[in-house]
Structure formats: C-alpha cells, structure tokens
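Results of the structural survey
Chain by chain, the residues:
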Amino acid sequence: QQQVKQSPQSLIVQKGGISIINCAYENTAFDYFPWYQQFPGKGPALLIAIRPDVSEKKEGRFTISFNKSAKQFSLHIMDSQPGDSATYFCAARRHPGGGRSGGSNYKLTFGKGTLLTVNP
Amino acid sequence: EAGVTQFPSHSVIEKGQTVTLRCDPISGHDNLYWYRRVMGKEIKFLLHFVKESKQDESGMPNNRFLAERTGGTYSTLKVQPAELEDSGVYFCASSRNRGLGQFFGPGTRLTVL
C-alpha cells in the first residue's frame, strides 16, 4: 500500500512556465512534508519542507501549498528553468512520538517521483 | 562540510554472491538511515541508526540484509546472498536532529545478475 501518492509521473514544461507536482497522503499522523530534488548521478537533496500548521511556504521560485483537510500538498515551481530539470520526490514523516529515545518514527515515506523536463 | 559519501558507486554481482555497501555520514550526525529505490518504485526506508544503535529496522526486507554501524561512525549494509530482486539504488542519509533535514548520499547502484 503506497502511503504517499505522487503525480504526474513525468512533466514537460516550457522555460518560464509553472511546474506543478501533486502529492496525496492517507496517514493523518504525518506532520512533516519535505520535497527533494534529484539530479542524475546525485542523491536526493532537500529542496523545501512544510509542516501542517501552515498552508503555504515559499522559498524563491519554489512554493509548497498544503491542504490539510484534503490531505494533499503540492510543489509549484515558478518561472521554470532548464536547470530545474530533475526528478522531484515528495515525502512525509510521522511525528516521532514518545518512547525512551523520543520515538523512532524518523523514517521518510516517499512518493514515486516526478521527472521534470524544462525545455529552453 | 563534506556531504554523505557512499562506496562503491556501482556494483554488479551475480546471484548468490555477497556485497557490502558503505556509508560515511556527515561528521557529527548521530542519525544514519538506509533507503532503497527499486527501478520505477518509490524510495523505501530500510533502517535507522542513532549512533551505533539500531533505532528502527522495520524496512529491512529479510535476514539476508545486515546493517552495522560500529563505533557510531560509518555504516555498512551487507547483502548475503544477493538475489535478483535486490537490484536497485541504495541511499544512505544522515541527520543531526531527529529526522529533519536528512542529507542523502549519491547512492550505490546494485545490479544482481
């Protein structure tokens, strides 16, 4: 059972356009939602993240929109550039919770990824 | 600050052989994670170390996989014996704080023939 569903699988955008990638989740215990960007031959790199107490977070050209009631969040890339061409992963993490060590639920649950191509 | 490093970058082995992957986390990061991405699938959690202790190994597929982190520094992930379905990219990540800001290594691409 896939806990984080990501769409689309691939996306082609013209330079200067807006790229939108969507994710949906089922587990209401998730409380941290990062987006990762991965270039070929590299590991995923944290791009931007949001907590469910806010509906939007913006960093430069990248914005996360979060809809808690719908259990959905999305990444918007404004003024998309060819250098933004990469695979993007959404992810979610549960609140660590209690326990002797403050809990152990630090693992990230990822979507399947979106291959973004920005044409010049 | 040096990033997370992984060795080797690629490994091609035959079914039944043993392979050991290594991960060096960012210095000072107590938390170390292993993930795996099988082609076309999502990146899946394997296990989490806090220093030298296994905090969560719920994602380990079976007992053919053994992870260690002696001394709480680098970690190894051994697959013995390797099966075809073990092929994929194995990522290591580390973090200073509890789960936030996990920094990923470049991954080891494992191909089992």
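Predicted model only: the values in this text are computed from it and were never measured.

Here's the deal with the interface of chain B and chain A
Across the contact, 22 residues belong to chain B and 22 residues belong to chain A. Buried area between chain B and chain A, summed over both chains or domains, comes out near 1,900 Å², and the portion from carbon and sulfur atoms is 57%. Inspection of the chain B/chain A interface yields 0 salt bridges. In this assembly, chain B and chain A are joined by 5 residue pairs in polar contact (both at pLDDT 80 or more). The leading source of residues in the side of chain B that touches chain A is strand β4 (residues 31-37) of chain B, at 4 residues. Of the residues assigned to the side of chain B that touches chain A, the class counts are 8 nonpolar, 9 polar and 5 charged.

Some remarks on the state of the cysteines
All names here are of chain B. Scanning the entire structure with this criterion turns up 2 disulfides over all chains. Two residues, Cys-23 and Cys-92, share a disulfide whose sulfurs are 1.8 Å apart. Its S-S torsion of about -60° marks the bond between Cys-23 and Cys-92 as left-handed, since a negative value means left-handed. Linking Cys-23 in strand β3 (residues 19-24) with Cys-92 in strand β9 (residues 88-95), this pair joins segments that are 69 residues apart in sequence. Relative accessible area serves as the criterion here: at 0%, Cys-23 is assigned to the buried category.

Some points on the nonpolar core
Counting residues in hydrophobic clusters, the biggest one holds 24 residues, and the most contacted among them are Phe33(A), Trp35(A), Phe73(A), Leu75(A), Tyr88(A) and Leu116(A). Elements that contribute at least two residues to this core include exactly β2 (10-14), β3 (19-25), β4 (30-38), β5 (45-50), β7 (62-67), β8 (72-77), β9 (86-94) and β11 (114-119) of chain A. By residue number, the principal contributor to this core is β9(A), which donates 4 residues. With near-sequence residues (within four places) excluded, Tyr88(A) lies in contact with Gln6(A), Ile21(A), Tyr36(A), Gln37(A), Leu47(A), Phe62(A), Leu75(A), Ile77(A), Gly113(A), Thr114(A) and Leu116(A). Among the nonpolar cores identified, the runner-up in size contains 21 residues, and Val4(B), Phe65(B), Ala82(B) and Cys92(B) belong to it.

A closer look at the packing of aromatic side chains
All chains considered together, the criterion is met by 19 aromatic pairs over all chains. Here Phe110(A) and Tyr35(B) contribute two aromatic rings whose centre-to-centre distance is 5.7 Å and whose plane-to-plane angle is 90°, an arrangement assigned as edge-to-face. Taken together, the residues span two chains, with Phe110(A) in strand β10 (residues 109-110) and Tyr35(B) in strand β4. Overall, Phe110(A) belongs to the buried group, its relative accessible area being 1%.

Here we look at the side chain of Asp86(B)
Residue and element names in this part refer to chain B. Here Asp-86 is to be found in the loop between β8 (75-79) and β9. Exposure remark for Asp-86: the relative accessible area of 2% places this residue in the buried category. When neighbours within four sequence positions are excluded, Asp-86 is seen to be in contact with Arg-36, Arg-64, Phe-65, Val-79, Pro-81, Leu-110 and Val-112.

Things to note about the sheet that holds β7(A)
Residue and element names in this part refer to chain A. Spatially, the 5 strands line up as an open sheet ordered β1-β3-β8-β7-β6, and their pairing is antiparallel. The outermost strands of the open sheet, each flanked by one partner alone, are β1 (4-7) and β6 (56-59). Between one strand axis and the next, the sheet turns by 15° as a mean value, whatever way the strands run. Taken together, the 4 bridges between β1 and β3 define a ladder with antiparallel strand orientation. Looking at β3, one finds that Lys-5 is bridged to Ala-24.

Focus: the layout of surface pockets
Quantified by volume, the largest pocket comes out at close to 510 Å³. Lining the largest pocket are 22 residues, with Gln38(A), Gly88(B), Val89(B), Phe91(B) and Arg109(B) positioned closest to its centre. Listed by contribution, the elements that provide at least two residues to the lining of the largest pocket are β9 and β11 (108-112) of chain B. A total of 4 residues in the lining of the largest pocket trace back to one element, the largest contributor, which is β11(B). Across the lining of the largest pocket, the residue classes tally to 8 nonpolar, 10 polar and 4 charged.

Notes on the environment of Arg109(B)
Residues and elements named next belong to chain B. Its place among the elements puts Arg-109 in strand β11. For the pair formed by Arg-109 and Pro-8, sequence separation is 101 residues and the distance between their alpha carbons is 8.2 Å. Discounting residues that sit within four places of it in the chain, Arg-109 has contacts with Ser-9, His-10, Ser-11, Gly-88 and Val-89.

What counts, and where the lines are drawn
- Residues numbered from 1 in each chain as written.
- Chains lettered and ligands numbered in written order.
- Predicted model: local features only at pLDDT ≥ 70, side-chain atom pairs only at ≥ 80, totals over all residues.
- Heavy atoms only, no water.
- Contact = heavy atoms within 4.5 Å.
- Buried area = accessible area lost by both parts, 1.4 Å probe.
- Salt bridge = Lys/Arg side-chain N within 4 Å of Asp/Glu carboxyl O.
- Polar contact = N/O pair within 3.5 Å; in protein donor to acceptor, adjacent residues only side chain to side chain.
- Helix = DSSP H or I, 4+ residues; strand = E, 2+ residues; numbered from the N terminus.
- Nonpolar A, V, L, I, M, F, W, Y, C, P; charged D, E, K, R; others polar.
- Disulfide = S-S within 2.5 Å.
- Buried < 20%, exposed > 50% of the residue type's maximum accessible area, 1.4 Å probe, protein only.
- Core = buried A, V, L, I, M, F, W, Y, C linked by side-chain atoms within 4.5 Å.
- Phe/Tyr/Trp six-rings, centres within 6.5 Å; stacked < 30°, edge-to-face > 60°.
- Pairing = 2+ DSSP bridges.
- Axes fitted to C-alpha atoms, helices over the stretch in contact; angles between N-to-C directions.
- 1 Å grid on protein atoms, 1.4 Å probe; cavity = no way out; pocket = protein on both sides within 12 Å on 5 of 7 lines; lining within 4 Å.
- Points joined across faces, edges and corners; volume = space filled by probe spheres on them.

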